[in-house]
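# Report on the structure
Take a look at the letters that make up each chain.
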Amino acid sequence: MVRRVTGPEIERLIQLLARLPGLGPRSARRAALQLVKKRDQLLAPLTDAMRTVHDRVRVCSVCGNVDTADPCAVCTDPTRDGSVIVVVEDVADLWALERAGAVNARYHVLGGVLSPLSGIGPDDLDIAGLVERASDPAVKEIILAVNATVDGQTTAHYVTDRLDGLGVKVTRLAHGVPVGGELDYLDEGTLTAAIRSRTPF
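Residues numbered from 1 in each chain as written. Predicted model: local features only at pLDDT ≥ 70, side-chain atom pairs only at ≥ 80, totals over all residues. Heavy atoms only, no water.

Attention now moves to the overall build of the protein. Along the backbone of the protein there are seven helices and six strands. Helices and strands appear in the protein in the N-to-C order α-α-α-β-β-β-α-β-α-β-α-β-α. Computed over C-alpha atoms, the radius of gyration of the protein comes to 21 Å, more than 25% over the 17 Å expected from 2.2 N^0.38 for 201 residues, which places it beyond the range of a compact globule. Projected onto the principal axes, the alpha-carbon positions of the protein cover approximately 65 × 45 × 35 Å. Relative to its full complement of 201 residues, the protein shows a buried share of 30%. Expressed as a percentage of contacts within the protein between residues at least 6 apart in sequence, the contacts between residues at least 24 apart total 46%. (Helix = DSSP H or I, 4+ residues; strand = E, 2+ residues; numbered from the N terminus. Rg over C-alpha atoms; globule rule 2.2 N^0.38 Å. Buried < 20%, exposed > 50% of the residue type's maximum accessible area, 1.4 Å probe, protein only. Contact = heavy atoms within 4.5 Å.)

For the rest of this paragraph, the subject is the sheet that holds strand β5 (residues 141-144). The strand order across the open sheet formed by four strands is β4-β3-β5-β6, and the pairing between neighbours is parallel. Of all strands in the sheet, those bounded by a partner on one side alone are β4 (105-109) and β6 (169-172). With strand direction ignored, the average angle separating the axes of adjacent strands in the sheet is 25°. In terms of strand pairing, β5 meets β6 through four bridges, oriented parallel. By the bridge assignment, E141 is partnered in β6 with K169. (Pairing = 2+ DSSP bridges. Axes fitted to C-alpha atoms, helices over the stretch in contact; angles between N-to-C directions.)

Our focus in this paragraph is the environment of V109. Here V109 is to be found in strand β4. The exposure class assigned to V109 is buried, which follows from its relative accessible area of 7%. A C-alpha to C-alpha distance of 9.7 Å links V109 and G129, two positions 20 residues apart in sequence. Beyond its immediate chain neighbours, meaning those up to four positions away, V109 contacts C63, G64, N65, V88, E89, D90, V91, L94 and D126.

Once that is clear, we can look at the state of the cysteines. All chains considered together, the criterion is met by zero disulfides. Between C63, a cysteine without a disulfide, and C75, which holds the nearest cysteine sulfur, the sulfur-to-sulfur distance is 3.6 Å. Residue classification places C63 among the buried positions, given a relative accessible area of 0%. Judged by its relative accessible area of 15%, C75 falls in the buried class. (Disulfide = S-S within 2.5 Å.)

Okay, the pattern of salt bridges next. Two side chains with opposite charge may pair up if their charged atoms get near one another. Within this structure, the stated rule accounts for four salt bridges. With its nearest N and O atoms 3.5 Å apart, the salt bridge here joins E11 to R29. Taken together, the positions of E11 in helix α1 (residues 8-18) and R29 in helix α2 (residues 25-37) put the pair 18 residues apart, joining distant regions of the chain. Using a relative accessible area of 15% as the deciding quantity, one classes E11 as buried. Overall, R29 belongs to the partly exposed group, its relative accessible area being 39%. Between D77 and R80 there is a salt bridge; the shortest N-O distance is 3.6 Å. Classification of D77 as partly exposed rests on a relative accessible area of 22%. (Salt bridge = Lys/Arg side-chain N within 4 Å of Asp/Glu carboxyl O.)

With that settled, consider a nonpolar patch on the surface. Where nonpolar side chains cluster on the molecular surface, the patch consists of V53, V57, V59, V66 and W95 and spans about 420 Å² of accessible area. Positionally, W95 belongs in helix α4 (residues 91-100). Residue W95 is classed as partly exposed on the basis of its relative accessible area of 46%. (Patch = residues over 30% accessible without salt bridge, like charges linked within 9 Å, V, L, I, M, F, W, Y side chains within 5 Å. Areas by Shrake-Rupley, 256 points an atom, 1.4 Å probe, with all protein chains shown as cover.)

Glancing now at the pairing of strand β3 (residues 81-88). Taken across its eight residues, β3 has six buried, putting it largely inside the fold. Sheet topology places β3 next to β4; five bridges connect them, and they run parallel. Across the sheet, residue V86 finds its bridge partner in β4, namely Y107. Between β3 and its parallel partner β4, the chain crosses via α4, and the hand of that crossover is right-handed. Here β3 runs beside β5; their pairing, made up of four bridges, is parallel. Its bridge partner lying in β5, I85 is registered against I142. (Right-handed = clockwise from strand over helix to strand, strands pointing away.)

Listed below in structure tokens is the structure:
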């Protein structure tokens with residue numbers, strides 16, 4: 001029998017923290033302990049920040065990013081190339097591309113991928129919004145930056161079909177050998193994609 005060592009309030013904090021990605025029960029318990037031990041330095045500012053985000057966060061009506069303004073900071077940035085739209089599955093993918101600093105374009109968040117087994121169809125994603133944005137004559141290229149999963153590739157093919165006839169160039173991220181990767185450790189699918197996507201040296 002496991003005995004409780006904290007009150008229900010702290011247990012609830014631990015349970016909520018454990019729901020976050022990358023935090024299991026042990027990590028959540030350690031995080032909760034740090035927050036409780038450093039109430040003034042960590043817990044109070046975190047509580048204020050979370051309350052502010054809860055009250056002010058918005059989903060951008062243009063691209064689907066999350067921000068405290070609508071349109072978001074990405075959509076209102078005048079230095080971005082408005083002729084290129086990078087299509088991603090989720091806001092996390094947008095943030096990852098921004099961290100890498102690999103492209104200075106606009107984005108469009110689909111909100112997931114097509115998944116018949118999960119009951120997610122075209123109407124559940126913001127594909128119509130993408131088609132509308134791609135119809136703008138200023139848009140010259142759509143980069144499909146979706147995951148290399150079966151559902152991701154199915155979504156990419158569907159989006160490509162929907163964009164057909166708009167006169168916009170549709171490209172996708174390269175698939176294959178990662179930087180620093182060793183061939184012996186790669187799976188067959190990655191090696192096959194790398195061979196098919198080979199480029200001149």
